[in-house]
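Chains, contacts and geometry: an overview
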Amino acid sequence: GQQLNQSPQSMFIQEGEDVSMNCTSSSIFNTWLWYKQEPGEGPVLLIALYKAGELTSNGRLTAQFGITRKDSFLNISASIPSDVGIYFCAGQERPMDSNYQLIWGAGTKLIIKP
Amino acid sequence: NAGVTQTPKFRVLKTGQSMTLLCAQDMNHEYMYWYRQDPGMGLRLIHYSVGEGTTAKGEVPDGYNVSRLKKQNFLLGLESAAPSQTSVYFCASSQQISGNTIYFGEGSWLTVV
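This write-up is about the structure you can find in this document. Worth saying up front: this structure is predicted, and the values here are computed from it rather than measured. Position numbers for residues start from 1 in each chain and track the written sequence from start to end. All chains are assigned letters beginning at A, and all ligands numbers beginning at 1, according to the order in which they are written. The predicted origin of the model limits local features to residues at a pLDDT of at least 70 and limits the giving and counting of side-chain atom pairs to 80 or more, whereas totals for whole chains, interfaces and linings rest on all residues. In computing side-chain properties, one takes all heavy atoms of the structure into account and sets aside hydrogens as well as water.

1. A word on the nonpolar core
Core analysis: the biggest nonpolar cluster contains 22 residues, and Trp32(A), Trp34(A) and Leu74(A) have the highest contact counts within it. Segments assigned H or I by DSSP are reported as helices when at least four residues long, segments assigned E as strands when at least two residues long, and all are numbered from the N terminus. If you list the elements that add at least two residues to this core, you get strand E2 (10-14), strand E3 (19-24), strand E4 (31-37), strand E5 (44-49), strand E7 (61-65), strand E8 (71-76), strand E9 (85-92) and strand E11 (108-113) of chain A. Definition used in this section: a nonpolar core is a set of buried Ala, Val, Leu, Ile, Met, Phe, Trp, Tyr and Cys residues joined via side-chain atoms within 4.5 Å. Only protein chains enter the area calculation, which uses a 1.4 Å probe; residues under 20% of their type maximum are buried, those over 50% are exposed, and those in between are partly exposed. Met32(B), Phe74(B), Ala81(B) and Leu110(B) belong to the second-largest nonpolar core, a separate cluster that totals 19 residues.

2. Re the packing of aromatic side chains
In summary, the pairing rule links any two rings of Phe, Tyr or Trp, Trp by its six-membered ring, whose centres are within 6.5 Å, and it sorts them by plane angle into stacked for under 30 degrees, edge-to-face for over 60 and tilted for everything else. Here the structure, examined in full by the defined rule, presents eleven aromatic pairs over all chains. Between the aromatic rings of Phe29(A) and Trp32(A), the centroid separation amounts to 4.9 Å while the plane-to-plane angle is 35 degrees, which identifies the pairing as tilted. Residues Phe29(A) and Trp32(A) agree in their burial class; the two are buried. On the numbers, 5.8 Å between centres and 45 degrees between planes, the contact of Tyr35(B) with Phe104(B) is tilted. Here Phe104(B) lies in strand E10 (residues 103-104) and Tyr35(B) lies in strand E4 (residues 31-38), a separation of 69 residues in the sequence. Given the relative accessible area of 12%, Phe104(B) is considered buried. Within the aromatic cluster, the residues linked to one another by ring pairs are Tyr35(A), Phe88(A), Trp104(A), Tyr33(B), Tyr35(B), Phe90(B) and Phe104(B).

3. Concerning the state of the cysteines
Covalent bonding between the sulfur atoms of two cysteines is what defines a disulfide. Defined by distance alone, a disulfide is two cysteine sulfur atoms within 2.5 Å. Following the criterion strictly, the structure yields two disulfides over all chains and no others. Between the sulfur atoms of Cys23(A) and its disulfide partner Cys89(A) the distance amounts to 1.7 Å. Taking the torsion about the S-S bond as the criterion, the Cys23(A) to Cys89(A) disulfide, at about -85 degrees, is left-handed. Of the two residues, Cys23(A) is situated in strand E3 and Cys89(A) in strand E9; the sequence distance between them amounts to 66 residues. A single burial state applies to Cys23(A) and to Cys89(A), both of which are buried. Residue Cys23(B) pairs covalently with Cys91(B) via a disulfide, S to S 1.9 Å. Around the S-S axis, the bridge from Cys23(B) to Cys91(B) shows a dihedral of about -75 degrees and counts as left-handed.

What follows is the structure in structure tokens.
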């Protein structure tokens, strides 16, 4: 099945640094979602995007729906230790009210160096 | 504040054994899903249900069966476990069939030896 190309696979950063990650697809998406998963837990939704070009923030997190509708970006500003986890992008090709499948990226593991 | 609850959390099976994972949600959601998560693969949909008494195949349904006899429960069965089914399994539910309302359980770690 189709998967999203999510990069980077992992990031080792210093506390206080900004973080950027992205997802690309070979097909056009109508919805882009960003989730965070902490150890021993299921993914939790961070940001949902529904329109090309849309830029949405959730605290220090900002995500954008690419204008080609084939990519999305997540930025975290001034990282803190609790940002550690795996970040997943997910996309949906069809409108929300149709038969659907969310397609997931492989995740970006964020590690913050002490 | 239960949300989505999965049992068991950990299980070790021998090849060929059968088992059932139970998922329960207390949010009165219509839609329920079973995913598996493998390193470097993200989440892959196994089966899903759009309502009580209905089930449908997802991306990787082979080797699994599901049942939704009650709205709040979604069972995932492995009839004859194989080592390739070693994975972390996540149940999820949503009121609408859209990603922004999907809630995940904490996961079930299954090892098949």
